[in-house]
Amino acid sequence: MRETRLQRHARAPWRGLALYLLSVPATLVGLWFITVVSMITSFVGVLLFPSAAMLLRTQLDAYRSRINKWTGVRVQRPYLPEQETEPGVMGMIKRFVGLASDPATWRDYLWVVADPVVALFTAALPGMLILYGVWGYALATFAGGLIGHYGGSDWYTWIHVEPGYDRDAERIVSTVIVATVCIVVGYLIGPKMLTVYGHWGRLLLGPTRKSELALRVRHLQESRSEAVDASAAELRRIERDLHDGAQARLVAMGMSLGAIEHLLDRDPEKARILLAETRASSAKALSELRDLVRGIHPPVLADRGVGDAVKALALDHPLRPEVNVELPGRPEPPVESAAYFAVSEILTNAAKHSGASRVWIDVRYERGMLRITVTDDGRGGARMEDGTGLRGIERRIGTFDGVLALSSPVGGPTIVTLELPCALSSPKTSPS
């Protein structure tokens, strides 16, 4: 569910403080990491370095996750792919060299050193202002009098809190005004400061040009392999359906026509019965061929686009999903096909496993992305590892650099979101 502007301003200061508090365990891990680095000249340092580097990466993955979720700035993992190494001393040394030569390892350490200061003046600043404002209210109501009563003194900005403070109306009013300004400013600048912090996170925690290219190459290799596997599986499915369905019926029709030739003169009545059966078989074979073609590329998808194709899916679905489509044009045909079959698989899962009574589908185009959200009011608890086909969907759309996000708490609702980068053709022009 998308946050409103008011919710974003209300939550941003506390999210910033949470990010700042993450620097405490990160700094401790960073101290351990630099301790291990200082021992690199000995075998003990080489032995401990991989575990220290991986511990640091695990800690900073928590940062990336929250920066991605809270700041609106996407930070990818920057680490170069680890090479497979053989067990033993040589494998240990090769792993050490691989991790030590990865620039992201040292940028991680630079992050834990510099982040407590940067976070204090960016993400944590709004929350600090609000807490300072709350302290001002406490001074104006009771804490200032307590400080003065026990002979102490304090400063609230330029306002001196001292004995007699609780009887000085002018200073109390000034304190309230300053406190109110601090709280208002804290809430106003919260989202902006989170965004600034997100860009800082992407600067150090995101991939360098070298690691980005390496990650891209790995992703392309994986997606190519998955696309080849998916194509082979689809080809086997088509061959199996043809062999078990239409092909078997066509062979039977040929045999029936041969029998009819021999019966035309000797037993015309039986020949007519066989002709009727053959005509029924031909209709079934034609229906199976149409279903097979529809499974490869539905005509409505080719003719009307993914929006109308999803609406057609909804009409045939037992839960009769509510569909909202906001597309100013049509994506490329391969993207349309991937999105259509992904939605078809998700709807099948909803009917089989969710126990839902209602389903909603939202199809729209935002910021260069075809975004499809399927929501059901079922029992929830779905996971990517449950074998419900979500991994297959993820692999299918991953060929187009698409991503799949699943939110399915126990008790529901289940929300599956697909995003595929693509360009849209003119609404008046059908892609060839």
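Because the structure is predicted, anything quoted here is derived from the model rather than measured.

Analysis parameters
- Starting afresh in each chain, residues are numbered from 1 along the sequence in its written order.
- Only residues with pLDDT of 70 or above have their local features reported here, since the model is predicted, and side-chain atom pairs are shown and tallied only from 80 upward, although totals for entire chains, interfaces and linings are computed over all residues.
- Hydrogens and water molecules were not included; the side-chain quantities draw on all heavy atoms of the structure.
- Numbering of helices and strands runs from the N terminus, with a helix taken as a DSSP run of H or I at least four residues long and a strand as a DSSP run of E at least two residues long.
- Here the term buried applies to any residue with accessible area under 20% of the maximum for its type, exposed to any over 50%, and partly exposed to those in between, with areas from a 1.4 Å probe on protein chains only.
- Two residues qualify as a contact provided that any one of their heavy atoms is within 4.5 Å of a heavy atom in the partner residue.
- Under the convention used here, a 1.4 Å probe and the Shrake-Rupley method define accessible areas, while residue burial counts only the protein chains that appear.
- Pairs of strands are assigned from DSSP output, requiring at least two bridges between the strands.
- Each axis is a line fitted through C-alpha atoms, taken for helices only over the stretch in contact, and angles between the N-to-C directions span 0 to 180 degrees.
- Stacked, edge-to-face and tilted labels apply to pairs of Phe, Tyr and Trp rings (six-membered ring for Trp) whose centres lie within 6.5 Å, assigned for plane angles under 30 degrees, over 60, and everything in between, in that order.
- UniProt positions are given in the numbering used here, feature names are shortened, and annotations may be inferred rather than shown by experiment.
- How far a helix is expected to stretch is found by multiplying one less than its residue total by 1.5 Å.
- Working definition of a nonpolar core: buried Ala, Val, Leu, Ile, Met, Phe, Trp, Tyr and Cys residues. They are joined through side-chain atoms within 4.5 Å.
- Put simply, angles under 35 degrees are roughly parallel, angles over 145 are roughly antiparallel, angles from 65 to 115 are roughly perpendicular, and the rest are oblique.
- Handedness of a crossing follows from how the near helix is turned relative to the far one, being left-handed for an anticlockwise turn of less than a right angle and right-handed for a clockwise one.
- Criterion for a salt bridge: a side-chain nitrogen of Lys or Arg within 4 Å of a carboxyl oxygen of Asp or Glu.
- A clockwise course of the path from the first strand over the helix to the second, judged with the strands pointing away from the viewer, identifies a crossover as right-handed.

Trainee: Which residues make up the overall build of the protein, and what values do they have?
Mentor: Helices and strands together make up the secondary structure of the protein, namely 14 helices and seven strands. Counting across all 432 residues of the protein, residues that qualify as buried make up 36%. For the protein, the share of sequence-separated contacts (at least 6 apart) that also reach a separation of at least 24 residues comes to 67%. Just so you have it, the protein exposes about 24,400 Å², and 61% of that area is on carbon and sulfur atoms.

Trainee: Describe the sheet that holds strand E7 (residues 414-421), listing the residues and the values that go with them.
Mentor: In a beta sheet, neighbouring strands are held together by backbone hydrogen bonds and run either parallel or antiparallel to one another. Read from one edge of the open sheet, five strands run E3-E4-E5-E7-E6, paired in mixed fashion. The sheet terminates laterally at strand E3 (322-326) and strand E6 (403-407), the two strands that pair on one side only. Recorded for the sheet is a direction-independent mean angle of 10° between the axes of neighbouring strands. Relative to E7, E6 is paired through five bridges, and the arrangement is antiparallel.

Trainee: Let's hear about the packing of aromatic side chains: which residues, and what values?
Mentor: Under the criterion given, the structure shown has ten aromatic pairs. Relative to Phe 49, the ring of Phe 33 has its centre 5.5 Å away and its plane inclined at 50°; by these criteria the two rings are tilted. Pair noted here: Phe 33 is in helix H2 (residues 23-38) and Phe 49 is in helix H3 (residues 43-70), with a separation of 16 residues, a long-range link. Phe 49 carries the same exposure label as Phe 33, and that label is buried.

Trainee: Could you give an account of the UniProt feature "transmembrane region" (unreviewed entry) in the protein, naming the residues involved and the relevant values?
Mentor: Mapped onto this structure's residue numbering, the UniProt feature "transmembrane region" (unreviewed entry) falls at residues 12-33, 39-56, 129-152 and 172-190. Annotated as residues 12-33, this span is 95% helix and 0% strand, and its ends, taken at the C-alpha atoms, are 31 Å apart. The span residues 39-56 carries 78% helix and 0% strand; its end-to-end C-alpha distance comes to 17 Å.

Trainee: Outline helix H13 (residues 333-354), supporting the account with residue identities and numerical values.
Mentor: The terminal C-alpha atoms of H13, which comprises 22 residues, lie 30 Å apart, in line with the 32 Å expected from a rise of 1.5 Å per residue. Positive backbone phi, at 70°, marks Gly 355, one or two positions downstream of H13.

Trainee: Tell me about the nonpolar core, and please be specific about residues and values.
Mentor: Counting 30 residues, the largest nonpolar core has Ile 361, Ile 372, Leu 404 and Leu 418 as its most contacted members. Sorting the residues of this core by element identifies helix H12 (306-316), H13, strand E4 (359-366), strand E5 (369-376), helix H14 (390-398) and E7 as the ones contributing at least two each. Those residues in contact with Leu 418 that lie beyond four places of it in its chain are Ala 342, Ile 346, Leu 370, Arg 371, Ile 372, Ile 393, Ile 397, Val 403 and Leu 404. By size, the runner-up hydrophobic cluster in this structure holds 28 residues, among which are Val 46, Ile 67, Ala 123 and Leu 194.

Trainee: Break down the packing of helix H5 (residues 103-121) against helix H7 (residues 169-205) for me, citing the residues and quoting the values.
Mentor: What describes two packed helices is the angle between their axes and the distance between those same axes. Across the interface, H5 lies against H7 with an axial gap of 10 Å and an inter-helix angle of 165°. Considered as vectors, H5 and H7 are oriented roughly antiparallel to each other. Regarding H5 and H7, the two cross each other, and that crossing is right-handed. For the pair H5 and H7, contact is made by Arg 107, Asp 108, Leu 110, Trp 111, Ala 114, Asp 115, Val 118, Ala 119 and Phe 121 and by Met 193, Tyr 197, Trp 200, Gly 201, Leu 203, Leu 204 and Leu 205, respectively.

Trainee: So what about the pattern of salt bridges? Which residues, and what values?
Mentor: Pairing is possible between side chains that carry opposite charge, provided their charged atoms lie close to one another. Applying the stated rule across the entire model yields twelve salt bridges. Residue Arg 304 pairs with Asp 308 through a salt bridge whose shortest N-O separation is 3.1 Å. Under the relative-accessibility criterion, Asp 308 is labelled partly exposed at 23%. Taking the shortest distance from any N to any O, the salt bridge between Glu 322 and Arg 358 comes out at 2.3 Å. With a gap of 36 residues between them, Glu 322 in strand E3 and Arg 358 in the loop between H13 and E4 connect regions that are remote in the sequence. The class for Glu 322 is partly exposed, based on a relative accessible area of 41%. Overall, the relative accessible area of 40% leaves Arg 358 in the partly exposed class.

Trainee: Summarise the side chain of Thr 417; cite the residues concerned and give the values.
Mentor: On the secondary structure map, Thr 417 appears in strand E7. Contact partners of Thr 417, with chain neighbours within four places excluded, come to Arg 371, Ile 372, Thr 373, Val 403, Leu 404 and Ala 405.

Trainee: Please give an account of the pairing of E4 that cites residues and values.
Mentor: Two faces make up the sheet, and in a regular strand the side chains alternate between them. When E3 meets E4, the two strands line up parallel, connected through five bridges. Bridge pairing in E4 links Glu 322 to Trp 360. In the classification by handedness, the crossover that spans E3, the intervening H13 and the parallel E4 is left-handed. Bridge analysis of E4 against E5 gives eight bridges, and the strand direction is antiparallel. Bridging across to E5, Glu 366 finds its partner in Met 369. Connecting E4 to the next strand, E5, in antiparallel fashion are two residues, including Arg 367 with a positive phi near 50°.

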